Amino acid sequence: MAFTEREVISVLQKIFATSDSRLLVGIGDDAAVVATKSQSIITSDMAVEDVHFKLEWSSAFDIGRKVTAANVADILSMGGKCDYLTASVALTGEESLQWIENLARGMKHEADLAGALIVGGDIARGAKIVISMTAVGNSPSPILRSGAKVGDDLYLSSLTGWSAAGLELLTREISINSAIAEKALSEFSAPTLDYAIDFSRAHAMADVSDSVLIQAEQIAAASDVQLVLNQDLIAAVPEFNELSELATELNVDVMQWILAGGEDHVLLATGAKLPGVRIGSVVAGSGITGVEMKKAPVSWSHFTN
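Residues numbered from 1 in each chain as written. Predicted model: local features only at pLDDT ≥ 70, side-chain atom pairs only at ≥ 80, totals over all residues. Heavy atoms only, no water.

Student: How do you make sense of the sheet that holds strand β7 (residues 153-156) when you look at a structure like this?
Tutor: Two strands in a sheet stick together by hydrogen bonds in their backbones, pointing the same way (parallel) or opposite ways (antiparallel). Ordered in space as β8-β10-β7-β11-β9-β12, the six strands form an open sheet in which the pairing is mixed. In the strand order of this sheet, the two ends are held by β8 (204-208) and β12 (287-289), each with one partner. Pairs of neighbouring strands in the sheet enclose a mean axial angle of 25°, with direction left out of account. Across three bridges, strand β9 (residues 226-229) lies against β12 in parallel orientation. Opposite V228, over in β12, you have T289 as the bridge partner. Strands in contact with helix α2 (residues 60-76) are β8 and β10 (266-271); relative to β8, the strand with the most contacts, it is inclined by about 170°. Seen against the sheet, helix α6 (residues 212-223) touches β7, β8, β9, β10, β11 (277-283) and β12 and runs at an angle of roughly 155° to β8. (Pairing = 2+ DSSP bridges. Helix = DSSP H or I, 4+ residues; strand = E, 2+ residues; numbered from the N terminus. Axes fitted to C-alpha atoms, helices over the stretch in contact; angles between N-to-C directions. Contact = heavy atoms within 4.5 Å.)

Structure follows, in structure tokens:
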């Protein structure tokens with residue numbers, strides 16, 4: 001092992017140091033002490049080497065960003081603002097101190113974008129790298145999956161499918177030779193969260209981490225309604241032509257990426273006259289309809305091959 005636990009903690013203390021008044025006691029004690037608000041939102045997410053990320057595909061900085069974005073997105077999907085994050089990391093001992101520092105800097109970069117503080121965590125040794133984060137946020141009125149109403153429209157904060165396209169390029173070892181392919185690869189490595197969009201008037205919302213189809217089914221079931229997807233509306237999104245061009249080049253159904261791909265961390269919401277991309281509507285019934293694809297969609301799962 002090329003480093004000690006004390007050395008790692010010293011590096012992390014410097015990277016995550018802050019004078020923000022919300023943090024009363026930071027890294028160095030057994031636990032952090034923070035100022036909290038009512039209606040706290042708490043979520044956890046885990047990333048495992050060779051399941052959620054591969055060292056040969058992503059830099060330590062991008063891995064740090066991606067794991068942090070996954071946690072922050074869950075807070076955003078509840079209509080909240082992320083305040084605090086903790087990060088616990090299992091390391092193999094083969095990493096360099098520079099790699100660990102870059103991982104932490106990636107976490108801090110994404111946390112800064114979210115206006116959140118990383119206030120602590122833990123390190124341990126393991127057979128593979130495992131990163132577990134917990135996010136704490138707040139909202140005066142959390143938005144649930146169960147709030148969709150008949151008559152709502154269905155929206156995405158931005159077009160999905162880019163992360164799935166990047167994964168396709170990497171798994172097929174296809175050379176990156178265009179700006180569109182570069183964008184797909186970038187969105188897979190470290191997804192861009194839609195921090196600026198205002199979905200505070202949404203009736204129901206979910207983070208598209210697994211796929212639009214899975215998250216739409218979850219909203220429909222929780223709200224006891226039917227979600228009708230409109231692929232013509234999806235095809236009218238300006239970004240669609242770029243993504244479709246790449247899909248054609250790779251002989252892939254672009255709707256497989258958009259509807260069944262995951263890890264975009266885009267927000268899926270129902271409501272009236274929301275910003276973003278309108279992709280359908282909410283009607284009486286159950287489940288989802290309106291999906292026409294060349295073959296049955298395959299959404300990602302932890303426990304299927």
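Student: Just checking my understanding: could you explain the pairing of β9 for this structure?
Tutor: Look at any regular strand and the pattern is simple: side chains alternate between the two faces of the sheet. As defined by bridge partners, β9 adjoins β11 across four bridges and the pair is classed as antiparallel. Note on β11: the bridge partner recorded for V228 is S281.

Student: Would you mind going over the pairing of β11 with me for this structure?
Tutor: Two strands pair when backbone bridges link them, and β7 and β11 are joined in this way by four bridges, in the antiparallel orientation. Within the sheet, the bridge partner assigned to L156 lies in β11 and is V277.

Student: Honestly, the sheet that holds strand β4 (residues 81-91) in this entry has me stumped. Any pointers?
Tutor: Within the open sheet, the four strands sit side by side as β3-β6-β4-β5. Their pairing is mixed. Looking along the sheet, the strands with just one partner apiece sit at the ends: β3 (40-48) and β5 (117-125). Adjacent strand axes in the sheet meet at a mean angle of 15° when their direction is disregarded. Its contacts with the sheet place α2 against β3, β4 and β6 (130-138), and it is angled at close to 35° to β6. Its contacts with the sheet put helix α3 (residues 97-114) on β4, β5 and β6, and the angle it makes with β4 is roughly 165°.

Student: Sorry if this is basic, but what is going on with the packing of aromatic side chains here?
Tutor: Geometry of an aromatic ring pair is reported as the spacing of the ring centres plus the angle between the planes. Considering all chains together, one arrives at one aromatic pair under this definition. Relative to F188, the ring of W57 lies with its centre 6.0 Å away and its plane at 70°, an arrangement referred to as edge-to-face. Here W57 is found in the loop between β3 and α2, whereas its partner F188 is found in helix α5 (residues 179-189), with 131 residues between them in sequence. Since its relative accessible area comes to 24%, W57 is described here as partly exposed. For K54, the ring lying beneath its charged end belongs to W57, and the centroid distance is 5.5 Å. (Phe/Tyr/Trp six-rings, centres within 6.5 Å; stacked < 30°, edge-to-face > 60°. Buried < 20%, exposed > 50% of the residue type's maximum accessible area, 1.4 Å probe, protein only. Lys NZ or Arg CZ within 6 Å of the ring centre and 35° of its normal.)

Student: Would you take a moment to explain the side chain of T68 for this structure?
Tutor: You can see T68 is positioned in helix α2. In contact with T68, other than residues within four places in its own chain, are L85, M107, E110, A111 and M133.

Student: Got a minute to help me understand the pattern of salt bridges in this structure?
Tutor: A side chain with one charge may pair with a side chain of the opposite charge, provided their charged atoms come close. In total, this model carries 12 salt bridges according to the counting rule given. Measuring nitrogen to oxygen at the nearest pair gives 3.6 Å for the salt bridge that ties D83 to R22. Placement of D83 in strand β4 and of R22 in the loop between α1 (5-15) and β1 (23-25) is noted, with a sequence separation of 61 residues between them. Of the charged contacts in the structure, one is a salt bridge between E242 and K183, with a shortest N-O distance of 3.9 Å. In this pair, E242 is assigned in helix α8 (residues 240-250) and K183 in helix α5, connecting sequence segments 59 residues apart. Since its relative accessible area comes to 29%, K183 is described here as partly exposed. What emerges from the salt-bridge pattern is a single network uniting D20, R22, K81 and D83. (Salt bridge = Lys/Arg side-chain N within 4 Å of Asp/Glu carboxyl O.)

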